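Each chain, letter by letter, is given below.
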Amino acid sequence: MATATRALFMLFGATGDLAKRKLYPSIFNLYKKGYIDQEHFALIGTGRREWSDDKFHEVIVESVKDNAESEDEAKGFASHFYYMSHDVTNPEHYDALSEYANKLDDKYDIQGNRIFYISMAPNFFGTVAKNLKAHNCLSDNGGFNRLIIEKPFGRDYESAEELNNALGKSFNENQVYRIDHYLGKEMVQNILALRFGNPLIEGIWNNKYIKNVQVTLAEKLGVEERAGYYDGAGALRDMIQNHTMQMLSILTMEDPVSFKDVDVRSEKIRALRSMRIYSPDEVRENFVRGQYGKNGDQADYRHEDNVPEDSNTETYVAGKVMFDNQRWANVPFYIRTGKMLADKFTRIDIVFKKPLIDIFAASGKQEGDLQNNVLTLFVDPVNKVILHLNGKKAGQGMEMQPLDLTHVQSDAEKAATPEPYERLIHDAILGDATNFASWDEVGRAWKFADVIRNVWDNDQPDFPNYTPGSMGPKTADELLARDGNEWIKK
């Protein structure tokens with residue numbers, strides 16, 4: 001059953017693309033399903049544009065129309081939205097914002113519950129947080145104050161720590177919600193259910209039975225209109241330091257005491273602390289990078305719009321991650337992500353060890369080896385679980401063949417599954433930080449990524465080195481081959 005919560009949102013970056021595509025539809029779904037109290041809810045949107053409330057309402061209605069039962073429903077939702085032209089660097093503007101917030105709090109009887117959502121460039125995070133507190137935008141009448149911020153959280157450990165310290169002057173750590181939308185994906189959350197809800201799975205979730213783990217985040221498109229941002233970030237900062245590290249922490253964490261945010265995050269942090277930080281030489285041995293070249297009409301990365309012709313920004317990363325603890329000693333975790341690959345998908349392949357003795361081959365009853373059991377978790381674009389087993393082929397003798405046990409999310413389950421932003425905004429409303437990244441997690445991930453980045457900044461790459469439509473450079477295959485392994489998804 002839905003539990004409605006009163007809340008006043010302040011959205012910085014209300015005219016942006018993310019707000020229109022993701023945030024407004026997500027908040028509307030929560031409103032429609034009864035997770036936000038329809039009588040005690042308001043949102044103040046801010047931006048530099050000189051919009052009126054009527055203009056803002058038009059944008060909201062257009063944004064949510066596909067999810068609305070009627071135009072009247074969309075307009076009723078939009079009537080709770082108010083717009084203020086706002087310069088986040090001008091302290092005086094926060095005085096007006098505070099006054100308006102208090103007015104709406106009284107009008108909708110919100111009881112001081114406030115959520116501040118900063119959907120802007122990271123260099124504004126600290127400025128906004130500082131002024132919110134200095135100019136009394138935070139409520140002080142018993143309600144909650146929560147700050148939601150988008151990625152990227154810094155561009156290295158030093159800048160991330162500086163940003164975190166700036167936020168800490170206005171908000172406590174338990175009031176800060178760092179969005180990583182991968183943590184809102186159904187299958188990523190299902191990892192916890194599959195592991196800790198099934199002794200059959202958790203009992204073999206260790207180095208005694210698992211040979212290696214593979215995490216792939218593949219994108220079919222290139223940089224497109226994101227070139228301005230992407231060329232200053234690259235695949236390592238854009239996909240590895242955040243999304244991939246978060247999935248690794250869930251895959252490797254120990255059993256939490258309970259399914260509460262403080263206990264789950266504690267175990268994720270402990271797992272990340274056991275992640276081996278490489279030396280420069282180890283980086284060169286265990287990580288590879290790539291940049292896509294030309295293929296027919298598809299330009300190479302260096303000739304995409306707004307990309308410098310001498311750019312050494314990587315559009316592909318593959319690497320081997322090791323965890324130095326009792327559970328995962330000597331188990332390689334292979335990760336990869338890239339643009340212009342064969343298809344768009346996110347999947348996790350858990351590769352189990354073969355039997356110590358293949359009794360069928362030993363008795364001469366079978367040609368060839370048994371295949372590794374593989375548990376594959378499909379995160380995108382479908383929610384699916386496949387367990388690859390070995391079984392007997394029908395007929396005389398004992399010839400083996402692959403046997404797949406498959407679960408695919410039904411249409412009814414798919415319809416009931418909230419979008420990641422909807423799920424995460426709801427969690428923030430409830431004050432549940434389980435699916436948000438803590439500072440300790442973010443900081444540890446940056447320390448790991450910084451070593452790689454520093455090596456790559458000082459080594460000259462041989463770019464371009466992979467063809468669009470492939471699964472990346474050959475060196476990524478060689479990385480696994482050195483260990484006697486291969487990518488499950490080729």
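Residues numbered from 1 in each chain as written. Predicted model: local features only at pLDDT ≥ 70, side-chain atom pairs only at ≥ 80, totals over all residues. Heavy atoms only, no water.

The name given to the protein chain in an unreviewed UniProt entry is Glucose-6-phosphate 1-dehydrogenase, with Apilactobacillus micheneri as the source organism. UniProt, in its Sequence similarities (unreviewed entry) section for the protein chain, records the words "Belongs to the glucose-6-phosphate dehydrogenase family." As its UniProt record puts it under Pathway (unreviewed entry), the protein chain is described as follows: "Carbohydrate degradation; pentose phosphate pathway; D-ribulose 5-phosphate from D-glucose 6-phosphate (oxidative stage): step 1/3." (UniProt positions renumbered as here; feature names shortened; annotations may be inferred.)

**Student:** Let's hear about the overall build of the protein chain: which residues, and what values?
**Tutor:** Assigned secondary structure in the protein chain consists of 17 helices and 14 strands. Taking 490 residues into account, the globule formula puts the C-alpha radius of gyration at 23 Å, and the protein chain, at 25 Å, falls close to it. Taken over the C-alpha atoms alone, the protein chain extends approximately 80 × 55 × 45 Å along its principal axes. The burial tally for the protein chain puts 53% of its 490 residues in the buried class. Nonlocal contacts in the protein chain, meaning residues at least 24 apart in sequence, comprise 75% of its contacts between residues at least 6 apart. Accessible area for the protein chain stands at about 22600 Å²; split by element, carbon and sulfur atoms hold 47% of it. Taken together, the 59 basic and 75 acidic charged side chains of the protein chain have centroids lying 4 Å from each other. (Helix = DSSP H or I, 4+ residues; strand = E, 2+ residues; numbered from the N terminus. Rg over C-alpha atoms; globule rule 2.2 N^0.38 Å. Buried < 20%, exposed > 50% of the residue type's maximum accessible area, 1.4 Å probe, protein only. Contact = heavy atoms within 4.5 Å. Areas by Shrake-Rupley, 256 points an atom, 1.4 Å probe, with all protein chains shown as cover. Lys, Arg positive; Asp, Glu negative; His and termini not counted. Charge placed at Lys NZ, Arg CZ, Asp CG, Glu CD.)

**Student:** Go over the sheet that holds strand 12 (residues 374-380), please, and point to the residues and values.
**Tutor:** Within the open sheet, the eight strands sit side by side as 8-9-10-7-11-12-13-14. Their pairing is mixed. Each edge of the open sheet carries a strand with a single partner, namely strand 8 (287-290) and strand 14 (400-408). Neighbouring strand axes in the sheet, compared pairwise and without regard to direction, differ in orientation by 15° on average. Strand contacts of helix 7 (residues 186-196): strand 11 (345-352), strand 12 and strand 13 (384-392), with the helix running at about 145° to strand 12, the strand carrying the most contacts. Strand contacts of helix 16 (residues 439-458): strand 8 and strand 9 (316-321), with the helix running at about 60° to strand 8, the strand carrying the most contacts. (Pairing = 2+ DSSP bridges. Axes fitted to C-alpha atoms, helices over the stretch in contact; angles between N-to-C directions.)

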